[in-house]
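Descriptive structure summary
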Amino acid sequence: MNIAFVGLGHMGGPMAANLLRAGYFLTVHDLRREAATEHLGLGARWADSIADAVADADVLITMLPGPKQVTAVMGQVTLRPGATWIDMSTSTPEAARAFTADRLDAPVSGMAKGAQSGTLQIFVGGPSELYERFMPIFQAMGSTILHVGPHGAGYAVKLMINLLWFAHLVATTEVLTMGVKAGVDLGVLRDSLIASPANSTFLERDALSVLRHGDYDESFALALACKDLGLAVDLGRDVGVPVELSALVEQIYRRGKASFGDLAGEMAPMRLYEELAGIHLRIGDAA
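Residues numbered from 1 in each chain as written. Predicted model: local features only at pLDDT ≥ 70, side-chain atom pairs only at ≥ 80, totals over all residues. Heavy atoms only, no water.

1. Some points on the overall build of the protein chain
Counting its secondary structure elements, the protein chain contains 15 helices and nine strands. The C-alpha radius of gyration of the protein chain comes to 20 Å, within 12% of the 19 Å expected for a compact globule of 287 residues. Across its three principal directions, the C-alpha atoms of the protein chain cover 65 × 45 × 35 Å. The proportion of buried residues among the 287 residues of the protein chain is 54%. Taking contacts inside the protein chain between residues at least 6 apart in sequence as the whole, the part at least 24 apart equals 61%. Looking at charge distribution, the protein chain has the averaged site of its 22 positive side-chain charges lying 2 Å from that of its 31 negative ones. (Helix = DSSP H or I, 4+ residues; strand = E, 2+ residues; numbered from the N terminus. Rg over C-alpha atoms; globule rule 2.2 N^0.38 Å. Buried < 20%, exposed > 50% of the residue type's maximum accessible area, 1.4 Å probe, protein only. Contact = heavy atoms within 4.5 Å. Lys, Arg positive; Asp, Glu negative; His and termini not counted. Charge placed at Lys NZ, Arg CZ, Asp CG, Glu CD.)

2. A closer look at the side chain of Glu274
Take Glu274: it is sitting in helix α15 (residues 269–277). On the basis of relative accessibility, which here comes to 4%, the residue Glu274 falls in the buried class. Engagement of the side chain of Glu274 in a polar contact is seen with the side chain of Arg282, the distance being 2.8 Å. The residues touching Glu274, leaving out its near neighbours within four places in the chain, are Val210, Tyr216, Ile279, His280, Leu281 and Arg282. (Polar contact = N/O pair within 3.5 Å; in protein donor to acceptor, adjacent residues only side chain to side chain.)

3. Thoughts on the pairing of strand β5 (residues 84–87)
What you see with β5 is no split at all: Thr84 and Ile86 on one side and Trp85 and Asp87 on the other are buried throughout. The pairing of strand β4 (residues 59–62) with β5 spans four bridges and is classified as parallel. Across the sheet, Thr62 pairs through a bridge with Asp87, a residue of β5. Crossover connection from β4 via helix α4 (residues 67–74) to parallel β5: handedness right-handed. As paired elements, β5 and strand β6 (residues 103–105) share three bridges and run parallel to each other. When the sheet's bridge partners are listed, Trp85 is paired in β6 with Arg103. (Pairing = 2+ DSSP bridges. Right-handed = clockwise from strand over helix to strand, strands pointing away.)

4. With respect to the pattern of salt bridges
Going through the model one piece at a time under the given rule, you end up with 10 salt bridges. For the salt bridge of Asp262 with Lys257, the shortest nitrogen-to-oxygen distance reads 3.5 Å. The class of Asp262 is partly exposed, set by a relative accessible area of 43%. Of the charged contacts, one joins Glu275 and Arg271 as a salt bridge, the two residues approaching to 3.7 Å between their closest N and O atoms. With a gap of four residues between them, Glu275 and Arg271 both fall in helix α15, about one helical turn apart. What makes Arg271 partly exposed here is its relative accessible area of 29%. (Salt bridge = Lys/Arg side-chain N within 4 Å of Asp/Glu carboxyl O.)

If you want it as C-alpha cells, here you go:
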C-alpha cells in the first residue's frame, strides 16, 4: 500500500515516522523539506509537490493546521480511482461537506507526546467500511480509535475535546490561583480537588507540566489553540447553541497570545493568572 503523507509538523512528523516504522511505504511532502529528514532516513520518498505525492498513492493522509489549508489541498488533489483521502487535521464539519464517499475525517487527540509514542486518540468520521479497512493504519499511530459518525463527525468531536480541555485549563487555573492567594498550600489544594467530585484529567495529569516544571507546552502554539477555539465558537453559532462560556475562554486565550506571542505554549494562559496574582503556581513553592 502506497501512502502519501502531507504535513510533517509537530504532530504529523512523528505520526508519519510511526507509519514508516510499522512497515508502510510513504511518499512525504511538507512546505519545509528539512521536516522530512527523519522520514527519508526511514525510507520515505520525498515529493516536491502535493500532486507528485499523490500520483501513485492508494491513500493520502493530511495533517494540516486548519480548514483553510485543507480546502487549499482539496483544490490541488486529484486522487486516482480507488484511492482514499484521510484528513487528520483539526477542521470543521462544514469543510467535510465537500467530502465524498472515498474520504475520512480522522482528527487526533493526545498532544505531541502521543504522536511520538503512537498512543493518539483518533476520531473517525465517514463510511464505516473505510473505517474498518484502514484500521491497521490508524493503529500504527494511535491506541484508541473510534468511529464517531458520518463525514464531519470526527471534526466536531475533536473541536469539542479541545474546547473542553481549554475550558478546564482556565477554570482550574482560576481555582488554584484563588486558593493559593487565600492561603492554602498548592499541593494540598490540588490533592483536595483530586479527592473531590471536581477532579479532572487536566488537574490530575496535564497541569503537572506547569505545576512541577514550569513547562507551558510549546509543542502546541497559542496561535493554533486560538484557531481551534475560534472554530469551536463558530460551530456553536452555526448550530444555534449559545456559547458564552466558550467565547470567554477564547478571549482569555487570545489575551494570552497578545501577551506572550503566537508561539507561546498552549498552557501559557496559566501565566496570565500567575502574573496577575504575583505568584508562580508550583508545587512546593511558597505562595
